[in-house]
Amino acid sequence: QITLTQQAESLWISPGERVSITCRASQSLLYTDGKHYLSWYQQRPGQTTKALIYHASVRTDGVPTRFIGSGSGTEFTLSIEHVQPEDFAIYYCLQTLKSPLTFGSGTKLEIK
Amino acid sequence: QVTLKESGPGILQPSQTLSLTCTFSGFSLSTYGMGVGWIRQPSGKGLEWLANIWWDDDKYYNPSLKNRLTISKDTSNNQAFLKITNVDTADTATYYCARIYLGALFDYWGQGVMVTVSS
């Protein structure tokens, strides 16, 4: 199975700063259609889990432009520019290229 | 508007069968390309994918649960189901269902249902 590694368990930043969360896959997530099957999710207490990014870099409807997905092959990054108070949450990456689908272990964004 | 809601027994005993229902609206599981997945999360821990079912009744399971899983759907009533046999305390978790979009992501999630396995 494909393993996704999110090395940072927690990141401490101040509101207004820029932060990058990385996700490394044990094999390439590029499919023959030219797309990467890597998506990002946000979990906040009391809220439904929110999909932010799919195909590595496409924002889902309504996601603010400060959320930027990038990367290719096995290395992917979720960047958040000018972090807002509501962005302090846990972020997970997910690969949907091959079954079993696998999630990263999560990165918690905490207020410095 | 797409919504999903999970329901389940709340608490059950080891060795019993866990039956979960996902009731959704805003889409149909008979539509080409549509799918629903189940994911779980023990308290304070990460997310684990369990199973997917597709519009054509194709099914995929997480092999780590060793044939304990059965996913099914009722297209007429906009529901998807998951059964987990022979539960034990390690199955205590919040269980989520989510819609699969383009085969690429879970774009809408339910609020989750907490399940506790305890004797």
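This is a predicted model, so every value here is computed, not measured. (Residues numbered from 1 in each chain as written. Chains lettered and ligands numbered in written order. Predicted model: local features only at pLDDT ≥ 70, side-chain atom pairs only at ≥ 80, totals over all residues. Heavy atoms only, no water.)

(A) Layout of the interface of chain B and chain A. At the interface, 23 residues of chain B touch 19 residues of chain A. Buried area between chain B and chain A, both sides added, is near 1,600 Å², and the carbon and sulfur share of it is 65%. Run the count over chain B and chain A and you get 0 salt bridges. On inspection of chain B and its partner chain A, the count reaches 4 residue pairs in polar contact (both at pLDDT 80 or more). Secondary structure elements with two or more residues in the side of chain B that touches chain A: β4 (35–41), β5 (48–54), β6 (59–61), β9 (93–101) and β10 (105–109) of chain B. For the side of chain B that touches chain A, the element with the most residues is β10(B), which contributes 4 residues. (Contact = heavy atoms within 4.5 Å. Buried area = accessible area lost by both parts, 1.4 Å probe. Salt bridge = Lys/Arg side-chain N within 4 Å of Asp/Glu carboxyl O. Polar contact = N/O pair within 3.5 Å; in protein donor to acceptor, adjacent residues only side chain to side chain. Helix = DSSP H or I, 4+ residues; strand = E, 2+ residues; numbered from the N terminus.)

(B) Region of interest: the sheet that holds strand β7 (residues 67–72) of chain A. Spatially, 4 strands are ordered β1-β3-β8-β7 (chain A) in an open sheet, and the strand pairing comes out antiparallel. Looking at which strands have only one partner, the edges of the open sheet turn out to be β1 (4–5) and β7 of chain A. (Pairing = 2+ DSSP bridges.)

(C) Summary view of the nonpolar core. In this structure, B:Leu18, B:Leu20, B:Cys22, B:Val36, B:Trp38, B:Leu82 and B:Tyr95 are the most contacted members of the largest nonpolar core, which totals 28 residues. Setting aside its immediate chain neighbours within four residues, B:Leu82 contacts B:Leu18, B:Ser19, B:Leu20, B:Trp38, B:Leu50, B:Ala51, B:Leu69, B:Thr70 and B:Ile71. The next biggest cluster of nonpolar side chains, apart from the first, holds 24 residues, and it includes A:Leu29, A:Val63, A:Phe76 and A:Leu78. (Core = buried A, V, L, I, M, F, W, Y, C linked by side-chain atoms within 4.5 Å. Buried < 20%, exposed > 50% of the residue type's maximum accessible area, 1.4 Å probe, protein only.)

(D) Focus on the state of the cysteines. All names here are of chain B. Taken as a whole and judged by the stated rule, the model has 2 disulfides over all chains. Here Cys-22 connects covalently by a disulfide to Cys-97, the sulfurs 2.1 Å from one another. Residues Cys-22 and Cys-97 are joined by a disulfide whose S-S torsion is about 70 degrees; by sign, that bridge is right-handed. Note that Cys-22 is positioned in strand β3 (residues 18–25) and Cys-97 in strand β9, a separation of 75 residues in sequence. Just as Cys-22 is buried, Cys-97 falls in that class too. (Disulfide = S-S within 2.5 Å.)

(E) Local environment of the packing of aromatic side chains. Residue and element names in this part refer to chain A. As enumerated under the stated definition, the model contains 10 aromatic pairs over all chains in all. Their ring planes at 85 degrees and their centres at 5.8 Å tell us that Tyr-31 and Tyr-37 sit as a pair that is edge-to-face. Overall, the relative accessible area of 43% leaves Tyr-31 in the partly exposed class. On the basis of relative accessibility, which here comes to 10%, the residue Tyr-37 falls in the buried class. (Phe/Tyr/Trp six-rings, centres within 6.5 Å; stacked < 30°, edge-to-face > 60°.)

(F) Representation of the environment of A:Ile80. Residues and elements named next belong to chain A. Structurally, Ile-80 can be placed in strand β8 (residues 75–80). Judged by relative accessible area, Ile-80 falls into the buried class, the value being 0%. Along the backbone, Ile-80 and Lys-98 are 18 residues apart, and their C-alpha atoms lie at a distance of 27 Å. With residues up to four places along the chain from it excluded, the contact list for Ile-80 reads Glu-17, Arg-18, Val-19, Arg-66, Phe-67, Asp-87, Tyr-91 and Leu-109.

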